[in-house]
Each structure stands twice: as structure tokens, then as C-alpha cells.
Amino acid sequence: NPSDPEFDRLWSLELTGAFLDEAQEMDLKVKDVLLWRFSNLRSETYKWKTIPKILMTCNPWKNFIYTEFYKPRKTKSLPEWRQFIPALVTDNPFVDQEYIDSLKRASKVTRERLLHWNFEYDDDPTLLFDIDGLNDMFSITNFADGVNYITCDVARLWADSSVIMVWKGLTVVKTIQIKKNRIDELANEIKTLQAMYNVNTLNVIVDESWVGGGLVDILRCRGFVWNASPLHPYSSKLLPYMKRNYNNLKTQSFFYLQGYVQTGKVWVKTEEIKEQLIEELSFMRQVDVDNDNKIQLEGKKALKERLWRSPDFADCLALRMWFEIKEHHEGNVVEEKTEEEQFFDDLDQHLNETSVSYNEIDDDIY
């Protein structure tokens, strides 16, 4: 209820149990407020007492159900006072076989969610990244050379972590996570990486939105402000993720990243961050999709409440897009090809690989 965001109307209740249907549509605060209203009932005469419980039912979705129940069960770290019971369609002995067959013929996302109850797949249209595209980032098949870059998301002494990524072109070749560090220590770490990977200072970018400003001053490198105005490329004949109307630079960067991931341009060589990075990116979503406002992402506070941590790795990855946005802004633009142009490019490539001439192409195949 938008008129009661703190759920004050629940404070007058005294409960011994609760049932939440469609819990994937609920805010974590609903569950917490209800838990605070629980109390034990006792009978000293008959020696019994109640143990407060909540039963929640849901469909797969990435909110507190994922972070508190699904993922801990998957990693076998679910507390013994919690239980998570997948209810598959095949568990119902009375379900029509036609319904199961229809799910098997459905799209991959629907099939994974409703037939196999896989939380990693989501049909929420506001989500930026799909799980298959994110997994493909770690399937490096074309490790290309390129200019070296360093990106850094700064946390200093806060609970979040500072993350540094070293890039060769659009491939992450090294990732360092540092907890509770001082700015001078972080600066020395980046200088060491610059010397090791021969990274020009102009190719180092740091999040200076909060505590990172001091690091930018020490390194004399690029500074990135998430809430800054987006950069608008000079040409209107651009790929969709270049020319849209973004709310701020953060939104623009993540939509650029989405486009680059979907087209297989971004690779990550460091497998040790795979689970965390994919989880963070898979939680990213757009807000106010149905309104005629500028495109914007869900706020970081709301994202952290669903993810239960700061998306440090995702932020560090998105910083690399500043250089791509800047390049397009200054005029070096990759223009979108028409279907006909793309067809002939693919055809030329095929002919070169098979040594077949245009004259030998069958009319039907053409």
C-alpha cells in the first residue's frame, strides 16, 4: 500500500503465525514487521507453548526469497530453523499432462522458472541482463588484444569493498577486492598495477561520487560521478543502447554494458568473481518502465535491500563503459548496419570461408 510504506497498520497486531501468498511480490519489510509482531503463547497449567512461524509461497523471483532461502539452500548454508521446499509442477499427481507438455514447449525462461523452478531465470521485463548472456561473459573464446585500462570502485573503511579491475581492451584480466582500506593504500595498489600492466593514467578511472575524490586527486586520473548527466553521442544513427534518453551517467553506463554483454563484446577472465558478478548484474533492473520519463535504474539503496550487499563488482565493471561512451560522444561511432548490409557482410564471410563464388550460389539458397 503506497500510503503506508512503513506498514504501520500492522503494529497493532499480536501474532503467533502468518501466511504470505505471492511473497515474491512483497517487500522484505513486510516480513520483518510481521516477525516483530510475533509472540509466544504459553499455558503453565498444561505445559505447552506456541512457536511463531511464517509460511510463504511464491514463484521464482530475485528478492529476499532468493537471498534468504533459495541461494542458502543451494549452497547448503540454510539455517536449520528455516526450510525451503520447492513445489514443482510434477509433484502434483493430479496435474494434466497437457499443462506439463505446454511448459516444455514454452520459452527457455518460462520453462526454467515454472517447470524446473530455477531462480536464476526471470521473466521480469525490467531486468537488464539475462542469465545466459552473463554466463557467456566467462566463456572466453576470442581473447583480443587492446589498450589496457584500470577501473576502481572505492569503499574505503565502510562495510562495502573496494574493487579494482585491470582490462585488456574489453576483457577483465585481473580483479582485486580490498576490504577496509585507506585511500593512500588503494592509490599505491593501483600504481603498482599501472606499472605491471603498463596502463596510462588517462586510462585509469575511479568512482569519485563519494570517498573516491581523494583517490582521483592522488592519481590524477579520470573521475566518474554516477549521478552526473549522461553524454549524448553526436550522431542519431546509433545502436539502441547509445541513443536512448538516460536519467544519469550511471544508467547510461549500465545500458551500454547491457548492449556490450548481449553482443559478446565484454569478457571476464577471472573465474573467482563469476558467482558474485553474475548475481549482482542479474539483480539490476529499470524502474518506471511504463512512464514517459527518462530511463533510469533502481536506486542503489533498494538494490542493496534485495541483494543484501553493495554491487561492487557490477559497478566496477560498468565504469569501463565511460571510455566507450566518451569515444562515441567524440565522434568515433560504430553505426548500425541495415539488415541488407548485414546479410551481404555475412555472405561475404561465408564465401571467403568456403571458397565459393557468387556465380555458384544456388538461387533458392540466395
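Placed above this text is the structure.
Treat the numbers as computed from the prediction; the structure is a model and nothing was measured. (Residues numbered from 1 in each chain as written. Predicted model: local features only at pLDDT ≥ 70, side-chain atom pairs only at ≥ 80, totals over all residues. Heavy atoms only, no water.)

Caption draft 1: Representation of the overall build of the chain within the structure. The secondary structure content of the chain amounts to 14 helices and 12 strands. Expressed as a percentage of its 366 residues, the buried residues of the chain come to 45%. Taking the intrachain contacts of the chain between residues at least 6 apart in sequence as the baseline, contacts between residues at least 24 apart amount to 62%. In the structure as shown, the chain presents an accessible area of about 20900 Å², 49% of it carried by carbon and sulfur atoms. (Helix = DSSP H or I, 4+ residues; strand = E, 2+ residues; numbered from the N terminus. Buried < 20%, exposed > 50% of the residue type's maximum accessible area, 1.4 Å probe, protein only. Contact = heavy atoms within 4.5 Å. Areas by Shrake-Rupley, 256 points an atom, 1.4 Å probe, with all protein chains shown as cover.)

Caption draft 2: Structural detail: the packing of aromatic side chains. Applying the stated rule across the entire model yields 15 aromatic pairs. Relative to F283, the ring of Y66 has its centre 5.6 Å away and its plane inclined at 70 degrees; by these criteria the two rings are edge-to-face. Taken together, the positions of Y66 in helix 2 (residues 64–74) and F283 in helix 10 (residues 274–283) put the pair 217 residues apart, joining distant regions of the chain. When sorted by exposure, Y66 lands in the same class as F283, which is buried. With a centroid separation of 6.1 Å and 20 degrees between ring planes, the pair formed by W226 and F254 is classed as stacked. Here the residue W226 occupies a position in the loop between strand 9 (222–224) and helix 8 (240–243), and F254 occupies one in helix 9 (residues 249–262), the gap between them amounting to 28 residues. With respect to burial, W226 and F254 carry one shared label: buried. One aromatic cluster is present, built from ring pairs that chain together Y66, Y70, F84, W117, F119 and F283. Here K265 stacks its cationic end above the ring of Y260, 4.9 Å away from the centre of that ring. If you follow R320 out to its NZ or CZ, it ends over the ring of W167, 5.8 Å from the centre. (Phe/Tyr/Trp six-rings, centres within 6.5 Å; stacked < 30°, edge-to-face > 60°. Lys NZ or Arg CZ within 6 Å of the ring centre and 35° of its normal.)

Caption draft 3: Representation of the sheet that holds strand 7 (residues 171–179) within the structure. Spatial strand order, 9-8-5-6-7-10: six strands in an open sheet with mixed pairing. The open sheet has two edge strands with one neighbour each: strand 9 and strand 10 (267–268). Relative to strand 9, strand 8 (residues 204–207) runs parallel, the two sharing three bridges. Following the sheet pairing, V206 is matched in strand 9 by G223. Sitting on the sheet, helix 12 (residues 312–319) is in contact with strand 5 (148–153), strand 6 (161–168), strand 7, strand 8, strand 9 and strand 10, with an inclination near 35 degrees to strand 6. (Pairing = 2+ DSSP bridges. Axes fitted to C-alpha atoms, helices over the stretch in contact; angles between N-to-C directions.)

Caption draft 4: Broad picture of the pairing of strand 7. In the sheet, strand 6 pairs with strand 7 via eight bridges, with the strands oriented antiparallel. Looking at the pairing, I164 lines up with I176 of strand 7.

Caption draft 5: Broad picture of helix 6 (residues 183–197). Here helix 6 contains 15 residues, and its C-alpha end-to-end distance of 21 Å stays within 8% of the 21 Å for a straight helix at 1.5 Å per residue. Those residues of helix 6 that sit buried are I183, L186, A187, I190, L193 and Q194. Buried residues in helix 6, looked at end-on, bunch into an arc of 125 degrees, giving them a common side. Turned more than 90 degrees from where helix 6 packs its buried face, A195 and M196 sit exposed. If you follow the buried residues of helix 6, they end up packed against strand 5, strand 6, strand 7, strand 8 and helix 7 (213–219). One or two positions beyond helix 6, positive phi appears at N198, with a value near 55 degrees. (Expected span 1.5 Å × (residues − 1). Arc of directions from axis to C-beta.)

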